[in-house]
Amino acid sequence: MRIGEAAARLGVATHVLRHWEDERVVIPQRTSSGHRDYAEEHLRRLHIVQSCQRVGLSLPEIRQILHRDEPERVAVIDRRVREIRRLREELDTAERFLGHVLECRHDFITRCAECSAYAEPGDEAGSHG
């Protein structure tokens, strides 16, 4: 299929697919007249690219993890998993803070030691509980 159809099926603009090709993430075949020709396999790869982007991977990182034999593959994945875990802890802390704020009996949250502790400079997210 041509680039326009592939882009429509993915829900992206054609320039996105051209950029991903420039970045050597997914490279379609070419017809004899030079048009990009995307097969179903390319679409599966492109869906994987979109999934990888949703979990925060950059195009260079995606390029490194698409192929099992890439030397940095494991390191890229390990870094992203650590970052996801850090973000999860940060979000859990933020949720606990906001839950406390909802139930806080102080007239101003700045008068509450627990609320104030969350916002202390230099305090690592996740240490409040």
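These remarks concern the structure in this document. (Residues numbered from 1 in each chain as written. Predicted model: local features only at pLDDT ≥ 70, side-chain atom pairs only at ≥ 80, totals over all residues. Heavy atoms only, no water.)

**Describing the pattern of salt bridges**
Piece 1. On inspection of all chains with the given rule, the structure shows 8 salt bridges.
Piece 2. A salt bridge links Arg-30 to Glu-21; the shortest N-O distance between them is 3.3 Å.
Piece 3. Three or more residues joined by partner-sharing salt bridges are found here, namely Glu-21, Arg-30 and Arg-36. (Salt bridge = Lys/Arg side-chain N within 4 Å of Asp/Glu carboxyl O.)

**Some words on the packing of aromatic side chains**
Piece 1. Counted according to the given criterion, the structure contains 1 aromatic pair.
Piece 2. Here Phe-97 and Tyr-118 contribute two aromatic rings whose centre-to-centre distance is 4.2 Å and whose plane-to-plane angle is 10 degrees, an arrangement assigned as stacked. Of the two residues, Phe-97 is situated in helix H5 (residues 73-103) and Tyr-118 in helix H6 (residues 113-118); the sequence distance between them amounts to 21 residues.
Piece 3. Taking relative accessible area as the criterion, Phe-97 reaches 19% and is therefore assigned buried.
Piece 4. Classification of Tyr-118 by relative accessible area gives partly exposed; the value is 24%. (Phe/Tyr/Trp six-rings, centres within 6.5 Å; stacked < 30°, edge-to-face > 60°. Helix = DSSP H or I, 4+ residues; strand = E, 2+ residues; numbered from the N terminus. Buried < 20%, exposed > 50% of the residue type's maximum accessible area, 1.4 Å probe, protein only.)

**Section: the environment of Tyr-38**
Piece 1. With respect to the helices and strands, Tyr-38 occurs in the loop between strand E2 (36-37) and helix H3 (40-54).
Piece 2. Put simply, Tyr-38 and Ile-77 are 39 residues apart on the chain and 27 Å apart in space, counted from C-alpha to C-alpha.
Piece 3. Excluding residues within four positions of it along the chain, Tyr-38 makes contact with Met-1, Arg-2, Ile-3, Ala-6, Leu-17, Pro-28 and Leu-46. (Contact = heavy atoms within 4.5 Å.)

**Comments concerning helix H1 (residues 3-10)**
Piece 1. Among all positions of H1, only Ile-3, Ala-6, Ala-7 and Leu-10 are buried. An end-on view of H1 places all buried positions within 100 degrees of arc, on one side of the element.
Piece 2. Buried residues belonging to H1 abut helix H2 (14-22), E2 and H3. (Arc of directions from axis to C-beta.)

**Describing the state of the cysteines**
Piece 1. As enumerated under the stated definition, the model contains 0 disulfides in all.
Piece 2. With no disulfide of its own, Cys-112 lies 3.7 Å from the sulfur of Cys-104, the closest cysteine sulfur.
Piece 3. The thiol of Cys-115 is unpaired, and the distance to the nearest cysteine sulfur, on Cys-112, comes to 3.7 Å.
Piece 4. Taking the relative accessible area as the measure of exposure, Cys-115 reaches 3% and is therefore buried. (Disulfide = S-S within 2.5 Å.)

**Things to note about the side chain of Glu-21**
Piece 1. Topologically, Glu-21 is positioned in helix H2.
Piece 2. On the accessibility criterion, Glu-21 (12% relative accessible area) is buried.
Piece 3. Polar contacts involving the side chain of Glu-21 include one to the side chain of Arg-36, which spans 2.5 Å.
Piece 4. Those residues in contact with Glu-21, other than ones at most four positions away along the chain, are Val-26, Ile-27, Pro-28, Arg-30 and Arg-36. (Polar contact = N/O pair within 3.5 Å; in protein donor to acceptor, adjacent residues only side chain to side chain.)

**A look at the layout of surface pockets**
Piece 1. Roughly 190 Å³ of volume is contained in the largest pocket.
Piece 2. Taken together, Arg-24, Val-25, Val-26, Ile-27, Arg-45, Arg-63, Leu-66, His-67 and Glu-70 form the lining of the largest pocket.
Piece 3. Classifying every residue of the lining of the largest pocket by side-chain character gives 4 nonpolar, 1 polar and 4 charged. (1 Å grid on protein atoms, 1.4 Å probe; cavity = no way out; pocket = protein on both sides within 12 Å on 5 of 7 lines; lining within 4 Å. Points joined across faces, edges and corners; volume = space filled by probe spheres on them. Nonpolar A, V, L, I, M, F, W, Y, C, P; charged D, E, K, R; others polar.)

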